[in-house]
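# Fold and geometry: a report
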Amino acid sequence: MTTDASDWRLALGGEGEAFGRVFDRHRDRVYRHVVRLVSTPSDADDAVAITFLEAWRRRESVRFVDDSALPWLLVTATNVSSNLRRSLRRHRALLDRLPPEAHAPDHAETFGDGDAQHALRALSTADQRVIVLCVLHGLSEKDAAAVLDVPQGTVKSRLSRAKARLAAQLPHPTLVKAGTHD
Amino acid sequence: MTDRTSELRHALVATADAAPYQRRRPRASLVVSAIAAFALVGAATGGAVASTLGSSDGPSDEQIAASGLVLKNTIVGTHAQLFGTEYLFAGRDTESFSIGTRPDGAATLAFGFDCLDVGDFTMLIDDDWQMGMGCTDESAAQTGGGGSQLTVTGDGPHTLTISGTGSYIVWAQWSTENPVPPSSAAQNEAMADGVVTREEYVAGFDRFNACMVGAGYHVDGGNREATIISYAISGESVDDGTDRRCYEPEFMLIDTEWQIAHEDESETTDLLRACLTARGIVPLPTRVEIDTQLADNGIDVLDCLP
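If you're wondering where the values come from, they're calculated on a predicted model, not measured in any experiment. Note that residues are indexed from 1 along each chain, following the sequence as it is written. Just so you know, chain letters begin at A and ligand numbers begin at 1, following the order they were written in. Local features in a predicted model are, by the rule used here, given only for residues with pLDDT of at least 70; side-chain atom pairs are given and counted only at 80 or more, and totals for whole chains, interfaces and linings are based on all residues. Note that the side-chain values use all heavy atoms of the structure and ignore hydrogens as well as water.

### Quick word on the overall build of chain B
Helical segments are the DSSP runs of H or I of at least four residues, strand segments are the runs of E of at least two, and each set is numbered from the N terminus. Counting its secondary structure elements, chain B contains 10 helices and 12 strands. Contact between two residues is taken to exist if any of their heavy atoms lie within 4.5 Å; hydrogens are not considered. Long-range contacts, defined as pairs at least 24 residues apart, comprise 73% of the intrachain contacts of chain B with a sequence gap of at least 6. When the accessible surface of chain B is totalled, it reaches about 14200 Å², and 52% of it is carbon and sulfur. Computed with the Shrake-Rupley method and a 1.4 Å probe, the accessible areas treat only the protein chains shown as cover for residues.

Take a look at the structure:
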């Protein structure tokens, strides 16, 4: 049973299939992540492809948490989604060769404009990163700090700020006082 | 898996399989001293592991195997014939390893060293100093490393000793280097006065390019107007020896001389200067100083290049 970390070393050594195994493990998770951040299914397809292409372009910089590349991929996917137009230019040649995806509606991949999804998109990329890692994917502040290459205290303060901003974006439920009916 | 996902996976695997071999000059910061040539990380091919000694708190078996593949291809490639047992060791601090006796036909010991921690290490065979290597944060983080063809005297059995502090992976196998293709008359003429001119540099690249194309390979890039001609070739051309047969006779001496003389004014160095400036850092004059500034400020070189 190989891990992302061991497969990555093999891929760096020239074994392309090892890179394929990393793709197999995380493609769906990355896709489900980017659909929250982009506008259309085809944009999500492109963001997934670019995330893995960027992973290879920056292959010496990939970080692992407990031998998993997923947190690093999610951060990269967040960055890619925030700069999709610029990222598209870099990898246009390969993306143009890929066949279009036939999208069938899926409740898990609906591109609705739910409040939480809308609020997440409204955050800065820096805030999105810590929300994605610590809230949506449950990483500890320590592990998130390792992925983002910042001190743990920075993650803590960013997370606190991002949560506050996220809360401010969400509509507040109407409070009804008891016993005040006229 | 949908067609698009399948095609994307195929493209990613092919990209990793055919990672182009970017020719780079050995970085002096990594090498304290060495008897023979030192090589940096390159693409790897297959290879059997005959002996693995991993420690419980050291690198995983997969990490050891991956490092061995990279070191073997880096140090040997198609440059030597290999004999007998392939040795692959994981060690920490000062340790000694048995490497047996030299098989008939073998002239040297192909030796590769991948440091996993920062530190200075010394390599000895039968207590005779062979080479030293300094490992930085950057080199410790990479898979693969450097090495050399070591000359071993005496009947044996022989012992390889690594002296230092920190963890590492060692690959070794007895070998005989293939003859080096002789330098062409044109390259010898360009090197005769000790100075490589622009015309000689470009002509050398053109001869190398023509040789590669003649052997059925494409040389990507190759901007002949740039100070340093940047290009990439396929890993396959390195694996089958074509690169060496073309590069060494026609371009290696010229390329090395030119790159050393012009590294401070290369396009890559200009991009790194701009990268520092964009971050509010005033770049220092030389490439060596700029590399240090990037490392000191935690800037990934890949973020500075297009």
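### Some points on a negative patch on the surface
Patch building starts from residues that exceed 30% relative accessible area and form no salt bridge, then joins like charges within 9 Å and nonpolar side chains (Val, Leu, Ile, Met, Phe, Trp, Tyr) within 5 Å. Salt bridges are defined by distance alone: a side-chain nitrogen of Lys or Arg within 4 Å of a carboxyl oxygen of Asp or Glu. Charge assignment in this entry is limited to Lys and Arg as positive and Asp and Glu as negative, and neither His nor the chain termini are counted. For this purpose, a charge sits on NZ of Lys, CZ of Arg, CG of Asp or CD of Glu. A cluster of like negative charges, contributed by Asp264, Glu265, Glu267 and Glu289 of chain B, occupies part of the molecular surface. Inspection of the secondary structure assignment puts Glu265 of chain B in the loop between helix 8 (252–262) and helix 9 (267–278).

### Considering the confidence of the model for chain B
All names here are of chain B. For every residue, the predictor reports its confidence as pLDDT, a number between 0 and 100. When pLDDT is averaged along chain B, the result is 77; 81% of the residues meet or exceed 70. Within chain B, the element-level pLDDT minimum falls on strand 1 (residues 31–33), averaging 27, and the maximum on helix 5 (residues 198–214), averaging 94. Every residue in residues 21–56 scores below 50 in pLDDT, and together they form 97 contacts with partners more than four places removed in sequence or on other chains. Among the scores for the predicted complex, ipTM is 0.71 and pTM is 0.41.

### Structural notes on the nonpolar core
Residues grouped as a nonpolar core are buried Ala, Val, Leu, Ile, Met, Phe, Trp, Tyr and Cys residues, joined through side-chain atoms within 4.5 Å. For every residue, the accessible area (1.4 Å probe, protein chains only) is compared with the maximum for its type, and the residue is labelled buried under 20%, exposed over 50%, or partly exposed between those bounds. Counting 55 residues, the largest nonpolar core has Phe19 and Phe52 of chain A as the members making the most contacts within it. The dominant element in this core, judged by the number of residues it contributes, is helix 3 (residues 41–57) of chain A, at 9 residues.

### Examining the state of the cysteines
Residue and element names in this part refer to chain B. Note on disulfides: each one is a pair of cysteine sulfur atoms within 2.5 Å. Counted according to the given criterion, the structure contains 1 disulfide over all chains. With its sulfur 2.0 Å from that of its partner, Cys211 forms a disulfide with Cys246. Between Cys211 and Cys246, the S-S torsion sits near -70 degrees, and that sign places the bridge as left-handed. Separated by 35 residues along the polypeptide, Cys211 in helix 5 and Cys246 in helix 7 (residues 242–250) bring together distant segments of the chain.

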